Amino acid sequence: MKSLRRTAAIALLGFAVALGIAQPPAGAEPPAKLPLAAPAAAAPAPAAAEFNVRDYGAVGNGSTNDTAAINKAITAANTAGGGIVRFPSGTYESKNTIKMKSNVTLQLDAGSTISGNAADTYDPPESNQWDNYQDYGHSHFHNAMIYGDNLSNIGFTGSGVIDGDGALITGNPKSGEADKIISLTRCKNLTLSGITLREGGHFAALLNNCDNVVSDRLTIDTAMDRDGWNIISTTNVKITNAHLEANDDALAFKSDYALGAKLNNGHVTVTDSYLSAGCCNALMFGSETCGDFTDYTFERITIKGSDKSGLGLVSMDGAKISDVHYKDITMTDVRSPIMQKVGTRKRCGNNPGVGSISNITYTNIKANGTTPSFSPTIWGETGGRIHDITFNNVDITVPGGNGTMSTNPPSNDPKDYNPKAIGTRPAYGWYIRNADNVRFTDSEVRFAANDGRPAVIANNSTGIRFDRFTAQRGSSSPSDLLFQTVNGYCVANSANTGGGALRVSQTGSSQNCDGGGPTPPTRYEAENATYSTGSTVDSDHTGYSGSGFVNTPNAVGAYVEWAVNATEAGSVDLAIAYANGSTTARPLDITVNGVTVAAASPFAGTGAWTTWRTVTLPVALKAGANTVRATATTANGAPNLDYLDGPE
């Protein structure tokens with residue numbers, strides 16, 4: 001029997017609590033702890049047990065099949081209650097599927113590689129009755145180098161490599177063939193940091209229905225294959241310092257029906273990362289978009305190369321996508337720098353309707369495009385319009401080089417998400433259709449070669465505003481900005497690149513610059529609402545709206561209830577602003593007129609009590625007075641609640 005190496009557990013030293021410390025009050029946050037009379041250094045946490053794969057028979061010579069030894073080490077770690085499965089330097093050939101288990105971290109030391117093999121002896125794909133709702137690769141999970149389902153507390157760390165080594169399939173695999181490196185479903189508490197995934201086949205990493213994912217310094221090099229990282233129906237994700245190079249989508253957020261349910265997505269941050277896509281999309285929402293998406297932040301990201309969208313955001317299968325924020329992003333050599341589209345593919349169970357896109361912001365974005373046909377585009381759909389989109393300091397250079405053409409709407413395939421599904425845009429800069437409340441501030445659009453099209457065309461839209469907007473003028477263009485059936489457009493303090501005034505033309509449109517732009521939603525401050533006994537109106541955390549925020553007791557059933565007025569019955573988006581400085585979600589039941597519209601909606605941690613975010617919920621209101629109540633479902637109570645934005 002192989003000897004078991006594990007680090008000795010370190011005993012924890014107990015401390016007596018100083019006398020006289022009171023119990024925490026019933027507020028949303030506990031008070032700061034008082035210092036002990038004689039502070040002592042805290043003892044370190046026990047070290048995790050280690051399980052060296054070589055102790056279980058792994059050779060690491062690059063030719064011997066080490067899968068059985070690896071799986072033995074994983075089983076031993078899991079049986080012991082958890083631990084680190086360590087891979088010392090060497091190449092560990094894996095001809096079969098590695099089975100991950102809960103409470104296990106694979107630690108790849110420097111110089112270590114887990115290598116794929118073309119022996120066609122990986123697990124076959126499982127059957128899936130929901131196959132027809134998404135591509136084959138999204139529908140099957142077992143046929144992978146590494147697979148796990150319904151796991152918690154797992155990790156892939158270190159500085160080593162997991163390499164498909166040219167053995168993984170980019171199309172639909174046959175039995176025994178694998179098409180992905182890491183495949184995880186229904187996982188919780190995943191760490192994916194430091195390692196490199198190379199030559200991933202269809203996917204380097206595929207997650208579906210996971211929660212609490214942390215990744216730092218992950219490298220994916222699958223530019224010779226297909227997708228980098230697909231994060232599907234997953235919540236609470238933090239990605240930092242990623243370097244992802246793919247041929248297909250580099251980093252994609254999706255929500256499909258592969259698990260037989262329409263699942264929500266959100267509470268995601270991606271920062272300080274590099275993305276590159278060969279044939280397709282760099283940073284993408286979709287195309288699989290069954291469940292709703294909310295609360296995404298992307299900051300300090302460099303994108304170099306994408307033959308479809310640089311920043312792509314589409315709702316094709318009924319999803320409502322809201323509260324997505326892009327900031328400090330540079331893009332070069334992207335075919336379509338920014339693409340938003342609502343389509344009607346409806347490839348999802350549960351009878352999906354038409355989705356929507358709302359509350360999207362772009363701040364400090366610089367990009368150059370590579371194809372004159374694919375101008376930056378905002379394309380809503382009848383019954384699924386795009387609204388409340390803000391561009392601040394967004395500078396885009398497009399190739400230009402097109403002649404004068406018809407300004408009528410181009411062709412569109414509503415079931416195709418690709419930029420090419422819409423014909424050549426009649427504007428070289430921005431083409432906007434079926435959109436409401438879109439605002440450009442301190443932004444600019446230029447072309448590399450003279451172009452005969454207007455810089456901007458807005459069609460069948462409302463509340464389109466340009467403040468301090470600069471556009472280059474083509475020598476034969478009929479106008480700079482053209483508004484077609486636009487109710488309430490405004491162009492203020494704007495000019496062409498030569499310093500002259502922009503030429504504005506309109507057909508069937510009206511101008512409205514009153515109030516500095518589109519009419520904002522009606523804001524209902526939490527401090528003016530009704531709230532449960534024991535709640536307080538506080539003002540000790542900055543960044544709130546109005547005169548303060550409501551801090552409820554830490555109790556199930558704590559609530560805030562707003563009285564919301566609607567001029568007419570119909571579906572609207574309600575945005576609830578909150579702060580949660582803890583690391584634990586504080587879910588709320590949201591009811592409208594006593595009917596639950598969102599059960600246990602996660603109000604995840606915002607990182608600090610001074611960091612405020614919004615959760616947007618689609619609801620149906622009746623004409624006149626409505627009550628909207630947010631009720632805590634756990635003993636932690638509600639997060640700090642600031643306001644509710646309702647219909648205009």
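Procedures and definitions
- Residues numbered from 1 in each chain as written.
- Predicted model: local features only at pLDDT ≥ 70, side-chain atom pairs only at ≥ 80, totals over all residues.
- Heavy atoms only, no water.
- Pairing = 2+ DSSP bridges.
- Helix = DSSP H or I, 4+ residues; strand = E, 2+ residues; numbered from the N terminus.
- Salt bridge = Lys/Arg side-chain N within 4 Å of Asp/Glu carboxyl O.
- Buried < 20%, exposed > 50% of the residue type's maximum accessible area, 1.4 Å probe, protein only.
- Contact = heavy atoms within 4.5 Å.
- Polar contact = N/O pair within 3.5 Å; in protein donor to acceptor, adjacent residues only side chain to side chain.
- Core = buried A, V, L, I, M, F, W, Y, C linked by side-chain atoms within 4.5 Å.

(A) Highlighting the sheet that holds strand β43 (residues 588-592). Across the sheet, five strands lie side by side as β38-β41-β46-β43-β44; this open sheet has antiparallel pairing. Since the sheet does not close on itself, it has two edges, and those belong to β38 (530-531) and β44 (595-601), each with one partner. One ladder, built from eight bridges, connects strand β41 (residues 559-566) with strand β46 (residues 624-632); its direction is antiparallel. Residue pairing for β46: V560 is matched across the bridge by A630.

(B) Looking closely at the pairing of β46. One ladder, built from five bridges, connects β43 with β46; its direction is antiparallel. From the neighbouring strand, L588 faces β46, where its bridge partner is A632.

(C) Molecular detail of the pattern of salt bridges. Summed over all chains, the structure comprises 30 salt bridges. For the salt bridge of D163 with R198, the shortest nitrogen-to-oxygen distance reads 3.8 Å. On the criterion of sequence distance, the pair formed by D163 in strand β10 (residues 161-163) and R198 in strand β13 (residues 196-198) is long-range, its members being 35 residues apart. For D227, the salt bridge goes to K254, with nearest N and O atoms at 3.9 Å. With D227 in strand β17 (residues 227-232) and K254 in strand β20 (residues 251-255), this residue pair connects regions lying 27 residues apart in the sequence. An identical accessibility class is assigned to D227 and K254; each is buried. Several salt bridges share partner residues, and in doing so they unite D135, D227, D249, K254, E288 and R347 into one network.

(D) A look at the environment of S411. With respect to the secondary-structure elements, S411 resides in the loop between β27 (386-400) and β28 (430-433). On the basis of relative accessibility, which here comes to 54%, the residue S411 falls in the exposed class. For the pair S411 and Q511, spaced 100 residues apart in sequence, the C-alpha separation works out to 27 Å. Among residues more than four places away in sequence, those in contact with S411 are A421, I422 and G423.

(E) Representation of the side chain of Q134. By the secondary structure assignment, Q134 is in the loop between β7 (112-115) and α2 (136-139). Polar side-chain contacts of Q134 include one of 2.6 Å to the backbone oxygen of W130. At 2.9 Å, the side chain of Q134 forms a polar contact with the backbone nitrogen of Y257. Excluding residues within four positions of it along the chain, Q134 makes contact with S139, D256, Y257, A258, E288 and R347.

(F) Representation of the environment of A367. Here A367 shows up in strand β25 (residues 356-369). Overall, A367 belongs to the buried group, its relative accessible area being 7%. Sequence spacing of A367 and I303 is 64 residues, and the spatial spacing of their C-alpha atoms is 9.0 Å. With sequence-adjacent residues up to four places away left out, A367 is seen in contact with M331, P337, D395, I396 and T397.

(G) Expanded view of unusual backbone geometry. In this structure, S287 follows G286 across a cis peptide bond, with omega equal to 15°. Along the chain, S287 turns up in strand β22 (residues 283-289).

(H) Summary view of the environment of G278. Looking at the secondary structure, you find G278 in the loop between β21 (265-277) and β22. For G278, a relative accessible area of 38% puts it in the partly exposed group. Each C-alpha atom, one on G278 and one on A223, is 6.8 Å from the other, the two residues being 55 residues apart in sequence. Apart from residues lying up to four places away in sequence, G278 is in contact with A246, N247, D248, S306 and D307.

(I) The arrangement of the nonpolar core in detail. One finds F156, I162, W229, F253, F298 and Y326 to be the most contacted residues of the largest nonpolar core, which totals 108 residues. In terms of residues, this core owes the most to one element, strand β24 (residues 320-342), which gives eight residues. Excluding residues within four positions of it along the chain, I162 makes contact with L108, I114, M145, I146, F156, I181, I182, I195, T196, L197 and R198. With 27 residues, the next largest nonpolar core counts Y524, V550, A558 and V560 among its residues.

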